[in-house]
Amino acid sequence: MLEIFEMGFMQRAWLAGLLMAITCPLIGSFLVLRRQSLIGDGLGHIAFAGVAGGALAGCSSVVSAAIATIIGALAIEKVRTKLSDLADMVLAIFFYSGMGLAVIFTGMNKEGGFNLSSVLFGSLMTVTSSDLWIVAGLAVATIAFVIVFYRPLQYLTFDETSAKVSGLPVESLSLLLAILTALTVALSMRIVGLLLVSAMMVIPVACALQTARSFSATIMQSIIYGIITVCLGLVLSYYLNLAPGGTIVLTSTVLFVLSLLIGSTKKNNPVPDVHCKVCDEDQENKCNHPEFPEYKKEKGYRGHHHGRKTIKE
Amino acid sequence: MENIISVRDLGFDYGSGWVFHKLDLDIPRGDFVAVIGANGAGKSTLMKMLAHAMPPTIGSISYYGIPIEKFTEWEKVGYVPQNPAKMQRDFPISVREVIALGLVEKKKLWQRFGAAEDEKIDKALAAFQLTDLQQRKIGELSGGQQQRVFLARAMVKNPEVLLLDEPATGIDAASKVALYDMLGEINANQGVTIVMISHDLELAAQTAKSALCISHGICFRGDVHEALQHHHKHGYFYR
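Keep in mind the model is a prediction, meaning the values are calculated, not measured.

Rules and cut-offs
Residues numbered from 1 in each chain as written. Chains lettered and ligands numbered in written order. Predicted model: local features only at pLDDT ≥ 70, side-chain atom pairs only at ≥ 80, totals over all residues. Heavy atoms only, no water. Helix = DSSP H or I, 4+ residues; strand = E, 2+ residues; numbered from the N terminus. Areas by Shrake-Rupley, 256 points an atom, 1.4 Å probe, with all protein chains shown as cover. Expected span 1.5 Å × (residues − 1). Buried < 20%, exposed > 50% of the residue type's maximum accessible area, 1.4 Å probe, protein only. Polar contact = N/O pair within 3.5 Å; in protein donor to acceptor, adjacent residues only side chain to side chain. Contact = heavy atoms within 4.5 Å. pLDDT = per-residue confidence, 0-100. Salt bridge = Lys/Arg side-chain N within 4 Å of Asp/Glu carboxyl O. Pairing = 2+ DSSP bridges. Axes fitted to C-alpha atoms, helices over the stretch in contact; angles between N-to-C directions. Core = buried A, V, L, I, M, F, W, Y, C linked by side-chain atoms within 4.5 Å. Left-handed = near helix turned anticlockwise from the far one by under 90°. Nonpolar A, V, L, I, M, F, W, Y, C, P; charged D, E, K, R; others polar. Parallel < 35°, antiparallel > 145°, perpendicular 65-115°, else oblique.

Draft legend 1. How the structure looks around the overall build of chain A. Check the secondary structure of chain A and you find 14 helices and 0 strands. Each helix (α) and strand (β) of chain A, taken in turn from the N terminus, gives the series α-α-α-α-α-α-α-α-α-α-α-α-α-α. Split by element, the accessible area of chain A, about 14,600 Å² in all, is 66% carbon and sulfur.

This is the structure we're talking about:
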């Protein structure tokens, strides 16, 4: 049984998987709630263009992918603020443009010399020690960013206009979030695979949204769902000899269906407004105050235009 | 009396002509201004400019005599939007968390919330009768309760000015009266200056101290009843 923890490649897979289970849902919580669930995929396609462009120019694929995704993420963020109601359309345009650019760069590269599949669709089972350091560094940066800017990020995710009115640097924070997302995609996809990075940014958060009742609970639960998914997925893939990335993603989908069932039984009905408008007593206490029209007539709405007079009980 | 907000020669153009232009406006401390006008008249545009969420095409706005671009004391300004929770019914945020957002400031970006902030939030919850609902998801509340939450969020930092963008949109008649009642008391008892966009002319007339009506790019500032007459005369309902 313990052989799953004994072999070096499996130990690295566990560590990389668990770090991704923390990093991706943490950053994904903000992305999903800002209706940018597909940004991981969109940036993956831009990274594709970066890798192909890097191969053409003869530079490191990781560096070129990182540069391309950061530029792409900043551009998406800028256009999103201009066309906020059409955010999904903006993402789709970048998605296809990245793909188009990648196809052109690949066609221009007559020398070949790079394996696109290995660069874009790495596997948990082939993680090296240096890869682990990269994933760990990313996890530390993401956790630190969220801890330091938790409340401003929460504010701009929930109500961007009010956050702006409060004087918060909404644009700078959004750009930082975009850069962190881009780095997560560019650096992790080669190590654990684009499919896993994108899915882990969305599905654990989707699970948490069915069961959590607050913002902080959503983040914590999405990380817990992420960890459960990675653990179950790795065990299943090891013993059933399946591809780890795909198994983890399908495990998370099953978990989502379960959370949907749990969530539907937990949902509360809307809270009725039960306070009496006169004395603020709960209506169940039967304060016997008249209903609203009488209240309005008797309690001082006299049509006076110099301010609402204080209600005298 | 000290002017909290001063507007000079303000104009805004989306590219298809002036929404309004040459607007001069002084809002003294303690005033309660109802901004009225037909849909599309430019009320929300003006409110966004007052809230520094949108720059004007021409003209200037100042708070306490300081140009809005250089004004930094935004903790003195509370803002209540048109109900954002209605647009995001399933957003996972509790009533307590929403009110806590009112205490987030640029100066305190790094600061953790402690006992002092918790006490302020508890007070706001109690003042707006939300203590029992503090752990509920905002989307589970009725429209009237949600607006009380947003008012509590704006008031938790004890602002001197409240900017309200159609706060009574989508709530029932009884809750509207209660909301206007609450705003009247905030203005009268706490001396908070209020600028509020309103479509409820009767309630606005009874609660506000003065009015600004925007119609066909022209702004009329004055007594509430005069402003209402101006509105009816210039096609408030049929623009």
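Draft legend 2. Region of interest: helix α6 (residues 173–190) of chain B. Residues and elements named next belong to chain B. Taking 1.5 Å of rise per residue, the 18 residues of α6 would be expected to cover 26 Å, and the 25 Å separating its terminal C-alpha atoms lies within 8% of that figure. Among the 18 residues that make up α6, 13 are buried, leaving the element largely enclosed by the rest of the structure. Positive phi shows up at G191, right after α6, with a value of about 70 degrees.

Draft legend 3. Geometry of the side chain of S29 of chain A. All names here are of chain A. Assignment of secondary structure puts S29 in helix α2 (residues 8–33). For S29, a relative accessible area of 1% gives the class buried. Side-chain polar atoms of S29 contact the backbone oxygen of P25, separated by 2.7 Å. Once residues within four sequence positions are removed from consideration, S29 is found in contact with V205, I219 and S222.

Draft legend 4. Looking closely at the confidence of the model for chain A. Residues and elements named next belong to chain A. The predicted model of chain A has a mean per-residue pLDDT of 82, with 82% of residues at 70 or higher. When the elements of chain A are averaged for pLDDT, helix α14 (residues 292–298) gives the smallest value, 45, and helix α12 (residues 215–240) the largest, 94. Note on residues 281–286: pLDDT is under 50 here. Beyond four places in sequence and across chains, it has 10 contacts. The low-confidence segment residues 288–313, where pLDDT is below 50, has 57 contacts with residues more than four positions distant or belonging to other chains.

Draft legend 5. Structural context of the pattern of salt bridges. Evaluated as defined, the whole model comprises 15 salt bridges over all chains. The salt bridge involving R29 of chain B is made with E2 of chain B; its shortest N-O contact spans 2.7 Å. Of this pair, R29 of chain B sits in the loop between β2 (18–28) and β3 (32–37) while E2 of chain B sits in the segment before β1 (3–13), and the two are 27 residues apart along the sequence. A relative accessible area of 35% means that R29 of chain B is categorised as partly exposed. Classification of E2 of chain B by relative accessible area gives partly exposed; the value is 38%. Close ionic contact of R29 of chain B with E160 of chain B constitutes a salt bridge, the shortest N to O distance being 3.5 Å. Residue R29 of chain B is located in the loop between β2 and β3, and its partner E160 of chain B is located in the loop between α5 (143–155) and β7 (161–164); the two are separated by 131 residues in the primary sequence. Salt bridges linked by common partners bring R34, E77, R80 and E160 of chain A together as one network.

Draft legend 6. Summary view of the sheet that holds β2 of chain B. Residues and elements named next belong to chain B. Sheet architecture is open: 4 strands sit in the order β2-β1-β4-β5, paired in antiparallel fashion. Sheet topology places β2 and β5 (66–67) at the edges, where each strand pairs with a single neighbour. In terms of strand pairing, β1 meets β2 through 7 bridges, oriented antiparallel. Looking across to β2, one finds that V7 is bridged to L25. This element, helix α1 (residues 43–50), spans β1, β2 and β4 (58–63) of the sheet and lies at about 125 degrees to β1.

Draft legend 7. Representation of the nonpolar core in the model. Judged by nonpolar contacts, the single largest core of 116 residues is most densely connected at L124 of chain A together with I99, L130, L151, L162, L183 and I194 of chain B. For this core, the leading source of residues is α2 of chain A, giving 12 residues. One finds I4, I68, V195 and I214 of chain B within the second-largest nonpolar core, a separate group that totals 34 residues.

Draft legend 8. Fine view of the environment of V32 of chain A. Residue and element names in this part refer to chain A. Note that V32 resides in helix α2. Take V32: its relative accessible area is 14%, and that puts it in the buried class. C-alpha of V32 to C-alpha of L56: the two residues are 24 residues apart in sequence and 34 Å apart in space. Setting aside residues up to four positions removed in sequence, V32 forms contacts with S37, M201, V202, V205 and L209.

Draft legend 9. Highlighting the packing of helix α4 (residues 61–82) of chain A against helix α10 (residues 170–192) of chain A. Residue and element names in this part refer to chain A. Where α4 contacts α10, the two axes come as close as 8 Å, and the packing angle between them is 145 degrees. α10 is crossed by α4, and the crossing has right-handed handedness. Listed contacts from α10 to V62, A65, A66, T69, I70, A73, L74, E77, K78 and R80 of α4 are E171, S174, L175, A178, I179, A182, L183, A186, L187, M189 and R190. Residue classes in the contact of α4 with α10 are distributed as 14 nonpolar, 2 polar and 5 charged.

Draft legend 10. Main features of the packing of α2 of chain A against helix α11 (residues 194–211) of chain A. Residue and element names in this part refer to chain A. Closest axis-to-axis distance for the α2/α11 pair is 7 Å, and the angle between their directions is 70 degrees. Compared by their axis directions, α2 and α11 come out roughly perpendicular. Between α2 and α11 the crossing geometry is right-handed. Across the interface between the two elements, M20, A21, C24, P25, I27, G28, S29, L31, V32 and L33 of α2 pack against V197, M200, M201, V202, P204, V205 and L209 of α11.

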